[in-house]
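Each chain is listed here by its residues.
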Amino acid sequence: MTRPGTRPDPGLQAPVLDLPAALAPRRTFALVAGVERYGISHHWNLRGPARDALRFARWLTGPGEVPAANVTLLLSPLDDPEALDWTLSPALAELRSAHRPATEANAKSALLEELPQCDGDLLWIFWAGHGYLGRDGELMLPCADAGPGQIRHLNLDSALRWWKTDLVKHRRFPLQAALVDACRVDAPRDSRWNFGSTDYGGGNTVPGRRQFRLYASREGEAARNDAERGAGRFTEALLGELADQSVREGVAGLPQAARRIHDAFRELRERGEGWQLPQFLVDRDWDAGSFLDDGPYGPPPPKAARLDQTGWDGLGELFEDRVLPPCAHEAYTWAFKESGCAAPVLGGLPADSLLDLVGDLDERQGGRDGMPLAVPFVHYLADRAARPRGPAGGLGDPAWAARLAQWVRAARERLALPVLRPPPAPARRAALHVRLESPPGGEDGLLARMWLRGAHTRQLWESEDGPVAPAAVRAELVRTLALLAAGPGAGDEDGAAYGTVGRIEFHVPYEMLETDFDQWPVPRGPAGRTRPLGTLYEVVVRCPQEREDTRTEWRAKWRWMHTQGGRHPDTVRVVEDPDVTDALGLQLGARTAPACVLGHASAARSDALLEALLEGGVPAAVWQRGGGAPPGGLPARLSPEALPGAPAVLGLPARVTEVRRAAAGGAAEGADRLVLLWDDPDDTIDPRSLL
């Protein structure tokens, strides 16, 4: 099999493309862009695209002999542009002073205004950076000035349609090649991903214009970037093929180069190094024919590692009438890791039943050593089913666990599969619970109870002599935290089972939901110094006593959120003032989604928002104490990475703690007013058991 970068085998050469007679370097133009730094968040930044763009420009202006004046170079590198290697070819020195930032305005100006006015035969478009698919499957390439409120981007599909019309003069640019080193994953369908609506329009289609598109991944797949080497795998393979060819040779040989690249990566797939590794897609060759995936060229597809009929029959019995367990997303992603593959970039799960999930895994084939992906998936379920039910993620079903484990053993023996490692154990981190109630007789003060929940549950303190002031509760909490930090005492057999206390959960009546527990001072360091409680621990509020009428919705939303790993695009909803109506609670409770609300309601509508959250059974929510929204909004504050499925809802307690710590250092304005509702129905104790 031919590797990327090798010279073409004459026996594999296709008929030479009928190129325009006048095609020459001086009649070749290009837009070359590399985006590493994005305005939306530093979590978007990646290293490699700027170097890739520069290397492609080097091929154009070096072996390709294209004049530097014909190349529009857009660069937004992580480091100073002067730190890039501009010595690769003499022509790069000219581009060194002529390149511009890779902003939306510069990209549109170059592609839709400047280049169409040039008199050329061949247009190259090379783009390296992030990429997302819109609702209509159009490839959207975020620009350097993408922000939380508006993800500025280039709509490549719309731009290529535009280039086929008579808005570009009839006799110009009969050949156009677009090479994109970017992911092609779906953009999450919620308001945090505001790409807007971008269509550049166009005139009448000009017959005879031919376009060639080569992408680093198929729809729904991520392109791999080698951060250490600062290079995309697509670009590495592409430049290996172009090598020292002229522009004329390069454009004529693109279809054959694409075939060789495709086959080389298919060989990686045969070796089980990951189903999702870049699978190269060419929509059409220069003659408008589809040739890559369904033609006779190349070796047959690899034999898949898949389940046999006996395995499917057993799963039919094991999964009959079983709903997706809360650990389904964890099991799904772990199956890829254990099989030596990378999990697909998905927002949640691809199916809503266990059998359909296994079907999805089976279609994606297996990993190294012929391991079907379904086997580690069932192995993970068996582990969690054997563990006690509780906040650590156990299912508490030992009978089902035994049947699942037996299926795994039989499948391994029957299919001669390698040994499977045990799944990672759930994190053993204890939570300290503080329950506050208003006295039934209306007296001043609060009835308070405190217990520790880890592998076991242990009551620690109770206000037995009657209501106490909030200051007394705070003092007892500080004393308890100091004792727990000192570790288990002599003879305390259960002490080690609780693990490290990382979260404090306040169970409170509705009217106390906005109490500033996270700002309670806790001694820290010398000279009587204190820190806010919410900067040292994950501090959440809960309101289980208001859940009686919506218990069904509450439990269903929590279970669905965990089943999807908190990453389904419908998990989170942002609620603004106009949304806070008398019907909001009914709307929130009508379906399992949303399970988390980010509240931007003003102070005047804050109470109504909290009522709607409880009426709708919403288990998780974040809002600002006293109403309002932080600069840029809560989505940008809580999920600055803005990756698919973000924010990772199951990580919200940790993320809110990070934001509170930033506020303590003055780096996050208003973050000390954030309130996190985190109401786990599987970790709620009936108050009567504490009396």
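Source: prediction; values computed, not measured.

Moving on, we get to unusual backbone geometry. Note that the residue after Ala-593, namely Pro-594, is joined by a cis bond; omega there is 0 degrees. Positioned with a positive phi, Glu-65 is a non-glycine residue whose angle comes to about 60 degrees. Mapped onto the secondary structure, Glu-65 falls in the loop between α1 (49-61) and β2 (71-76). At Asp-321, a residue that is not glycine, the phi angle is positive and equals roughly 60 degrees. Checked against the element boundaries, Asp-321 lands in the loop between α8 (309-318) and α9 (328-338). Overall, Asp-321 belongs to the exposed group, its relative accessible area being 76%.

Before going further, it helps to examine the pattern of salt bridges. Under the defined criterion, the tally for this structure stands at 32 salt bridges. Close ionic contact of Asp-52 with Arg-55 constitutes a salt bridge, the shortest N to O distance being 3.0 Å. Of this pair, Asp-52 and Arg-55 both sit in helix α1, three residues apart, which is roughly one turn of the helix. Beyond isolated ion pairs, a larger network of salt bridges with shared partners links Arg-503, Glu-505, Glu-538, Arg-542, Arg-547 and Asp-679.

Before going further, it helps to spend a moment on the pairing of strand β16 (residues 500-507). With seven of eight residues buried, β16 lies mostly within the body of the structure. Strand direction decides the pairing type here: strand β13 (residues 429-437) and β16, joined by seven bridges, are parallel. When the bridges of β16 are listed, Val-434 appears paired with Phe-506. As paired strands, β16 and strand β19 (residues 538-542) are joined by five bridges and run parallel to one another. Bridge pairing links Ile-504 to Val-539 in β19.

A separate point is the packing of aromatic side chains. When we look at a pair of aromatic rings, we describe it by the centre distance and by the angle of the planes. Considering all chains together, one arrives at 17 aromatic pairs under this definition. Seen in terms of ring centroids, Phe-29 and Phe-173 are 5.9 Å apart; in terms of plane orientation they differ by 75 degrees. Their pairing is edge-to-face. With Phe-29 in strand β1 (residues 28-35) and Phe-173 in the loop between α4 (156-163) and β7 (175-181), this pair connects stretches of sequence that are 144 residues apart. Assigned by exposure class, Phe-29 and Phe-173 land together as buried.

The terminal C-alpha atoms of helix α13 (residues 470-485) lie 22 Å apart, and with 16 residues this matches the ideal 22 Å at 1.5 Å per residue to within 8%. Inspection of α13 places Val-473, Glu-476, Leu-477, Thr-480 and Leu-481 among the buried residues, and these make up the whole buried set. Seen along its axis, α13 keeps its buried residues to an arc of 140 degrees; they face one direction. Exposed side of α13, more than 90 degrees from the buried face: Leu-483 and Ala-485 are the residues found there. The inward-facing, buried residues of α13 contact β13, β14 (447-453), β15 (457-462), β16 and α14 (533-536).

Definitions and cut-offs
Once a new chain begins, its residue numbering starts again from 1 and follows that chain's sequence as written. Only residues with pLDDT of 70 or above have their local features reported here, since the model is predicted, and side-chain atom pairs are shown and tallied only from 80 upward, although totals for entire chains, interfaces and linings are computed over all residues. Note that water and hydrogens are dropped before the side-chain values are worked out from all heavy atoms of the structure. Put simply, DSSP marks the helices as runs of H or I at least four residues long and the strands as runs of E at least two long, and each gets a number from the N terminus on. Accessible area is worked out with a 1.4 Å probe on protein chains only. A residue is then buried under 20% of its type maximum, exposed over 50%, and partly exposed in between. Salt bridges are identified by distance alone: a Lys or Arg side-chain nitrogen within 4 Å of an Asp or Glu carboxyl oxygen. A pair of strands is considered paired only if DSSP assigns at least 2 bridges between the two. Under the pairing criterion, centres of Phe, Tyr and Trp rings, with the six-membered ring standing for Trp, must be within 6.5 Å; the plane angle then separates stacked pairs below 30 degrees from edge-to-face pairs above 60, leaving the rest tilted. Multiplying one less than the number of residues by 1.5 Å gives the expected span of a helix. Within this analysis, the arc is defined by the directions that extend from the helix axis to the C-beta atoms. Contacts are assigned to residue pairs with any non-hydrogen atoms lying within 4.5 Å of each other.

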